[in-house]
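The lines below spell out each chain.
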Amino acid sequence: MENTAFNAFLPSLCRHLLREELLLPSVATWWCGQPRELQNTLDNLHRLIIKKANRKQVFRSVYGKELSKEQLQQLRAQILKNPTEYVAQEEVSFSTTPAFVDDRIEPRYAAIRAFLTATPNGYQVMEGGLTRSSAQKDKFTFSNQYGSVSKDTWIVSDEAEVIRERIKLPGTSYQQSQTSLPSRSAENLYWAARYSERSMTATTFLMITMNALNFQRNFGTQNKTQHIDILLKALSSLIKIEPRFSDKNKADFKNPYPIIADSISNAAKIGTITSSIQSFMRAMIAVRERWNNVTWRTIDVIETINEKLQQIRPDQNPNDIHNTLTNLQNKLFTFYGIVSESIPRNNGYYLFESGKLIERILSKITIIKSIFSIKTEQFIENELMEVVLMNHFALSHYRATYKTNFEMEYVLDMILLDKQIPASLAYLLDSLDHSLSQLPQSSARLSKSRKAILEASTQIKLIDVSEIAAVETSSQAYEKLDAVLSNVYSLILSVSDYTTSQYFNHTAPQHSITETIIDLENEL
């Protein structure tokens with residue numbers, strides 16, 4: 001700021017205007033135009049830095065610790081003569097950087113000045129700045145007028161370069177060799193991820209729906225059930241079995257538990273939770289050599305829970321059903337955590353991640369499209385927005401960020417574009433692209449899969465939230481939102497097809513996925 005006096009009021013200004021704290025703390029500053037701040041400055045003059053409030057006035061910063069008693073008295077009189085022109089700041093310790101001075105390297109205090117540019121979406125911090133280095137050793141002087149040196153600084157990466165070295169033991173030699181991940185193993189890894197995520201998605205959304213049902217039953221009224229009907233139809237869109245919740249069978253909404261129980265327990269129907277878990281188990285067993293003992297203990301528990309789910313009946317206590325689903329969700333989260341923490345980052349891992357992310361993107365889109373299809377009354381829409389945020393594990397973040405009632409634009413912005421949310425479409429699409437980029441490619445150019453992801457990601461990131469949050473006047477439908485999500489859904493389906501044809505062609509050896517291993521020629 002050109003007027004240093006404003007620094008004293010930055011924290012309060014931020015709280016008053018933006019309703020939040022400063023992201024970066026401001027240097028403690030006291031404007032001497034206030035009686036209490038003036039007295040604090042005079043009492044601690046020997047420890048503070050004194051500056052002019054208006055930078056346009058030529059005045060070199062004065063370090064109180066460098067002054068004699070006589071000079072401190074002169075400075076005190078100067079401030080008292082016109083206190084509004086002066087600002088005091090606490091002295092901040094600076095970092096040092098290596099400097100080549102007089103043919104040798106020595107540490108010099110340095111400071112970096114960052115720059116921001118204004119964009120239509122707010123201010124963007126530039127990837128670099130201006131670094132100033134002190135002219136004298138152990139001096140905090142950074143002004144070019146007094147001999148300091150300045151250099152442009154660029155941030156080339158947000159991560160330090162990692163140099164990997166192999167340890168070579170005496171008497172041993174290592175040979176880099178190639179082995180293949182057979183296409184059938186690759187396909188089973190991919191579908192193990194798809195089915196585990198399919199089970200997780202259905203379980204999570206079913207738990208949310210049952211919570212809404214239980215709340216409505218205990219505290220709601222019969223004339224305010226429209227949001228329940230929408231959730232039940234969304235559940236059928238997700239699980240895709242018959243019979244399903246639809247407007248043709250109104251009686252099913254009054255007693256939804258027969259279809260809910262069928263969606264969970266009927267292993268004979270493709271798409272139910274127990275059917276997906278069984279498919280997940282078969283795929284896991286097909287690549288059993290890739291899982292450690294901890295993983296198998298978790299899978300055994302999941303199998304036991306699945307056996308219990310197959311026994312669920314329509315007349316069973318909803319709380320018992322919900323508790324069993326909670327146990328399944330917890331164990332699936334545990335399984336994901338073990339995979340993330342223990343599996344080597346090889347082609348098998350990235351295939352697993354790709355399958356999981358494809359399934360997650362498709363399911364998120366299905367739920368959003370089903371819930372936000374037609375404009376409803378505000379209190380119903382509020383219930384639906386809360387459900388969608390819960391399904392993205394973003395409800396707490398929304399409340400902490402906006403501190404307001406639910407607004408469609410804010411909700412859509414968070415679940416579609418906010419990269420702080422791991423379940424947002426923007427984050428998921430970037431993660432999917434990263435996983436596929438780690439797999440062997442036939443060319444240096446983008447594969448068909450990655451082209452489709454790029455197109456889908458671009459469509460999402462170019463969204464104008466205010467436009468897609470609006471409804472068509474005649475139909476009261478979220479037509480623009482539906483159009484974008486439908487396009488992205490089709491593109492991700494094509495990603496699945498391209499991935500299958502590229503890596504899972506069991507008759508073509510060239511499609512096996514090569515992995516690098518290290519052989520010990522001489523065993524220890």
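Described below are features of the structure shown in this document. Think of each chain on its own: its residues are numbered from 1, step by step along the sequence as written. Under the rules for a predicted model, residues below a pLDDT of 70 receive no local features and side-chain atom pairs below 80 are neither given nor counted, while totals for whole chains, interfaces and linings still include all residues. The side-chain numbers reported here are obtained from all heavy atoms of the structure, hydrogens and water having been left aside.

A word on the overall build of the protein
Phase 1: Secondary structure follows DSSP: runs of H or I at least 4 residues long count as helices, runs of E at least 2 residues long count as strands, and numbering of each begins at the N terminus. Summing up its helical and strand segments, the protein has 18 helices and 10 strands in all.
Phase 2: Only protein chains enter the accessibility calculation, which uses a 1.4 Å probe. A residue is then buried if its area is under 20% of the maximum for its type, exposed if over 50%, and partly exposed in between. When burial is assessed residue by residue, the protein has 41% of its 524 residues classed as buried.
Phase 3: Residue pairs at least 24 apart in sequence account for 64% of intrachain contacts in the protein once pairs closer than 6 positions are excluded.
Phase 4: For accessible areas, the Shrake-Rupley method is used with a probe of radius 1.4 Å. Any residue's cover is judged against the shown protein chains and nothing else. Of the accessible surface of the protein, which amounts to about 29800 Å², a share of 51% is contributed by carbon and sulfur atoms. Only heavy atoms matter for contacts: two residues are in contact if any of them lie within 4.5 Å across the pair.

Points about the sheet that holds strand β1 (residues 29-31)
Phase 1: Spatially, the four strands line up as an open sheet ordered β1-β4-β2-β3, and their pairing is antiparallel. Taken across any chain shown, the strands that pair with only one partner, and hence form the sheet edges, are β1 and β3 (62-63).
Phase 2: In the sheet, β1 pairs with strand β4 (residues 86-90) via three bridges, with the strands oriented antiparallel. What sits directly across from Trp 30, in β4, is Ala 88.
Phase 3: Relative to the sheet, helix α2 (residues 35-43) contacts β1, β2 (48-52) and β4, its axis offset from that of β1 by approximately 120 degrees. Note on pairing: two strands pair once DSSP finds at least 2 bridges between them. Helix axes use the C-alpha atoms of the stretch in contact, all axes being lines fitted to C-alpha atoms, and the angles between their N-to-C directions lie in the range 0 to 180 degrees.

Points about the environment of Arg 47
Phase 1: Position of Arg 47 among the secondary structure elements: in the loop between α2 and β2.
Phase 2: Distance from Arg 47 to Glu 66, taken between C-alpha atoms, is 9.2 Å for residues 19 residues apart in sequence.

Some points on the pairing of strand β6 (residues 104-119)
Walk down a regular strand and you will see the side chains alternate between the two sheet faces.
Phase 1: Pairing analysis gives seven bridges linking strand β5 (residues 95-101) to β6, with the strands arranged antiparallel. Each bridged residue has a counterpart across the sheet, and for Ser 95 the counterpart in β6 is Ala 110.
Phase 2: Where β5 folds back onto β6 in an antiparallel hairpin, the turn is made up of two residues, including Asp 102, whose phi is positive at roughly 50 degrees.
Phase 3: Pairing of β6 with strand β7 (residues 122-133) involves nine bridges; the strand directions are antiparallel. Across the sheet, Ala 114 pairs through a bridge with Gly 129, a residue of β7.
Phase 4: The antiparallel pairing of β6 with β7 creates a hairpin that spans two residues between the two strands.

Notes on the packing of aromatic side chains
Two aromatic rings are characterised by how far apart their centres lie and by the angle between their planes.
Phase 1: Under the pairing criterion, centres of Phe, Tyr and Trp rings, with the six-membered ring standing for Trp, must be within 6.5 Å; the plane angle then separates stacked pairs below 30 degrees from edge-to-face pairs above 60, leaving the rest tilted. Applying the stated criterion across every chain yields a total of 16 aromatic pairs.
Phase 2: Residues Phe 335 and Phe 352 carry aromatic rings whose centres are separated by 5.9 Å and whose planes lie at 65 degrees to one another, so their mutual orientation is edge-to-face. Of this pair, Phe 335 sits in helix α10 (residues 318-342) while Phe 352 sits in helix α11 (residues 347-371), and the two are 17 residues apart along the sequence. The two residues Phe 335 and Phe 352 agree in class, both being buried.

Some details on the packing of helix α15 (residues 425-437) against helix α18 (residues 479-503)
Pairs of packed helices are described in terms of their axes, by the angle between the two and the distance that separates them.
Phase 1: Contact geometry of α15 with α18 gives a least axis separation of 13 Å together with a crossing angle of 20 degrees. What the angle tells us is that α15 and α18 run roughly parallel. By crossing handedness, the relation of α15 to α18 is classed as left-handed. Contacts from Leu 425, Leu 429, Leu 432 and Leu 436 of α15 reach α18 at Leu 485, Ile 492, Val 495 and Thr 499.
Phase 2: Side-chain classes follow a simple rule in which Ala, Val, Leu, Ile, Met, Phe, Trp, Tyr, Cys and Pro form the nonpolar group, Asp, Glu, Lys and Arg form the charged group, and the remainder, Gly included, forms the polar group. When grouped by side-chain class, the residues that make up the contact of α15 with α18 number seven nonpolar, one polar and no charged. Roughly parallel covers angles under 35 degrees, roughly antiparallel covers those over 145, roughly perpendicular covers 65 to 115, and oblique covers all other angles. Helix crossings are classified by the rotation of the near helix relative to the far one: an anticlockwise turn of less than a right angle makes the crossing left-handed, while a clockwise turn makes it right-handed.

Description of a nonpolar patch on the surface
Phase 1: Patch membership requires more than 30% relative accessible area and the absence of a salt bridge. Residues of like charge join within 9 Å; the nonpolar side chains Val, Leu, Ile, Met, Phe, Trp and Tyr join within 5 Å. One side-chain nitrogen of Lys or Arg within 4 Å of one carboxyl oxygen of Asp or Glu is enough to make a salt bridge. A grouping of Phe 6, Leu 13, Leu 17 and Leu 18 is seen on the molecular surface, where their side chains present a nonpolar patch of about 410 Å² in accessible area.
Phase 2: With respect to the helices and strands, the residue Leu 13 is situated in helix α1 (residues 10-18).

Quick notes on the side chain of Thr 298
Phase 1: Within the secondary structure, Thr 298 is located in helix α9 (residues 293-309).
Phase 2: Within the local environment of Thr 298, its side chain forms a polar contact with the backbone oxygen of Val 294, the two atoms lying 3.2 Å apart.
Phase 3: In contact with Thr 298, not counting residues within four places along its chain, are Lys 331, Thr 334, Phe 335 and Ile 338. Two N or O atoms count as a polar contact when they lie within 3.5 Å, although within protein this holds only if one can serve as hydrogen donor and the other as acceptor, and sequence-adjacent residues are included solely when both atoms are side-chain atoms.

A closer look at the environment of Ser 134
Phase 1: Following the sequence through the fold, Ser 134 ends up in the loop between β7 and β8 (149-154).
Phase 2: Note on Ser 134: relative accessible area 2%, which makes it buried.
Phase 3: Along the backbone, Ser 134 and Tyr 109 are 25 residues apart, and their C-alpha atoms lie at a distance of 5.4 Å.

Points about the nonpolar core
Phase 1: Residues enter a nonpolar core if they are buried and are Ala, Val, Leu, Ile, Met, Phe, Trp, Tyr or Cys, with the set joined through side-chain atoms within 4.5 Å. Within the largest apolar cluster, 108 residues are counted, with the highest numbers of intra-cluster contacts made by Ile 371, Phe 372, Leu 412, Leu 416 and Ile 492.
Phase 2: At 14 residues, helix α4 (residues 183-219) tops the list of elements feeding residues into this core.
Phase 3: The contacts of Phe 372, once residues within four sequence positions are left out, are Leu 384, Met 385, Val 388, Met 408, Leu 412, Tyr 478 and Leu 481.
Phase 4: Core analysis: the second largest hydrophobic core is formed by 12 residues, Leu 42, Leu 75, Ile 79 and Tyr 86 among them.

Regarding the side chain of Ser 363
Phase 1: Checked against the element boundaries, Ser 363 lands in helix α11.
Phase 2: Within polar-contact distance, the side chain of Ser 363 engages the side chain of Thr 201 at 3.3 Å.
Phase 3: In this structure, Ser 363 is in contact with Thr 201 and Leu 238, ignoring residues within four places of it in sequence.

Focus on unusual backbone geometry
Phase 1: Residue Glu 242 is joined to Pro 243 through a cis peptide bond whose omega torsion reads -5 degrees.
Phase 2: Here Pro 243 shows up in the loop between α5 (226-239) and α6 (251-254).
Phase 3: Backbone geometry places Phe 393, a non-glycine residue, at a positive phi of 55 degrees.
Phase 4: Considering the arrangement of structural elements, one finds Phe 393 in the loop between α12 (378-391) and α13 (395-402).

Structural measurements only, silent on function.
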